[in-house]
Amino acid sequence: MSNPGGASISTEQLKARYIGTGHADMSKYEWATNMHRDTLASHVGHYDQLSYYAVAQNESIGRVRSQMLEKMIQPCGPPPANKETN
């Protein structure tokens, strides 16, 4: 991969720049949580998408925004129990 200047970017630099790219020790739950939060943040940040969802759900835009922000707390449910603590 390269940046606009043409120089290549190492994977460490890429992961430092984009937090959502993850790392080798990232669990499936952490990865899915990042993806859901990124998606919800994009929906909340783009007014046209947010208004589309509000019309589709027959709700106000403020209520849909509030629901999406609440989903961002635990988008994939509670974290799984660690095998180390059991």
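Scroll up to find the structure this text is about.
Residues numbered from 1 in each chain as written. Predicted model: local features only at pLDDT ≥ 70, side-chain atom pairs only at ≥ 80, totals over all residues. Heavy atoms only, no water.

Peer 1: Before we move on, could you go through the environment of Arg-65 and cite the residues and values that matter?
Peer 2: Among the secondary structure elements, Arg-65 is positioned in helix H4 (residues 61-71). Using a relative accessible area of 30% as the deciding quantity, one classes Arg-65 as partly exposed. Excluding residues that lie within four positions of it along the chain, Arg-65 makes contacts with Val-44, Tyr-47 and Leu-50. (Helix = DSSP H or I, 4+ residues; strand = E, 2+ residues; numbered from the N terminus. Buried < 20%, exposed > 50% of the residue type's maximum accessible area, 1.4 Å probe, protein only. Contact = heavy atoms within 4.5 Å.)

Peer 1: Any details on the side chain of Thr-33? Residues and values, ideally.
Peer 2: Note on placement: Thr-33 falls in helix H2 (residues 28-45). What Thr-33 contacts, discounting residues up to four positions off in sequence, is Pro-75 and Cys-76.

Peer 1: Give a description of H2 that names residues and reports values.
Peer 2: Residue pairs three or four apart in sequence face the same way in an α-helix, which turns once every 3.6 residues. The end-to-end C-alpha separation of H2 is 26 Å, in line with the 26 Å expected for 18 residues at 1.5 Å each. In the core, the buried residues of H2 are packed alongside helix H3 (47-57) and H4. (Expected span 1.5 Å × (residues − 1).)

Peer 1: Tell me about the nonpolar core, and name the residues and values.
Peer 2: The biggest cluster of nonpolar side chains holds 6 residues, and these are Leu-40, Val-44, Leu-50, Ala-54, Val-64 and Met-68. Elements represented by at least two residues in this core include exactly H2, H3 and H4. Leaving out residues up to four positions away in the same chain, Val-44 has contacts with Leu-50, Arg-65, Met-68 and Leu-69. (Core = buried A, V, L, I, M, F, W, Y, C linked by side-chain atoms within 4.5 Å.)

Peer 1: Could you give an account of the packing of H2 against H3, naming the residues involved and the relevant values?
Peer 2: Angle between the axes and distance between the axes: these two values describe a pair of packed helices. For the pair H2 and H3, the least separation of the axes is 5 Å and the interaxial angle reads 95°. As the angle between them shows, H2 and H3 are arranged roughly perpendicular. Along the contact surface, H2 presents Ser-42, His-43, Val-44 and Gly-45, while H3 presents Tyr-47, Gln-49, Leu-50 and Tyr-53. Each residue belonging to the contact of H2 with H3 can be placed in one class, and the counts come to 4 nonpolar, 4 polar and no charged. (Axes fitted to C-alpha atoms, helices over the stretch in contact; angles between N-to-C directions. Parallel < 35°, antiparallel > 145°, perpendicular 65-115°, else oblique. Nonpolar A, V, L, I, M, F, W, Y, C, P; charged D, E, K, R; others polar.)

Peer 1: Go over H3, please, and point to the residues and values.
Peer 2: By the burial criterion, the buried members of H3 are Leu-50, Ser-51 and Ala-54. Each buried residue of H3 lies within a common arc of 95° when the element is viewed along its axis, so the set occupies one face. Of the exposed residues in H3, those oriented more than 90 degrees away from the buried face are Asp-48, Tyr-52, Val-55 and Ala-56. In this fold, the buried residues of H3 make contact with H2 and H4. (Arc of directions from axis to C-beta.)

Peer 1: So, the packing of aromatic side chains: which residues are in play, and what are the values?
Peer 2: With the rule as written, the count across this model stands at 1 aromatic pair. Centroid distance Tyr-52 to Tyr-53: 5.8 Å. Interplanar angle 70°. Geometry classified as edge-to-face. (Phe/Tyr/Trp six-rings, centres within 6.5 Å; stacked < 30°, edge-to-face > 60°.)

Peer 1: Tell me about the packing of H2 against H4, and name the residues and values.
Peer 2: Running from N to C, H2 and H4 cross one another at 160°; their axes reach a closest spacing of 9 Å. Relative to H4, the element H2 lies roughly antiparallel. Here H2 runs over H4; the crossing is left-handed. Between H2 and H4, the contacting residues are Leu-40, His-43 and Val-44 on the first element and Arg-65, Met-68, Leu-69 and Lys-71 on the second. A class-by-class count of the residues in the contact of H2 with H4 yields 4 nonpolar, 1 polar and 2 charged. (Left-handed = near helix turned anticlockwise from the far one by under 90°.)

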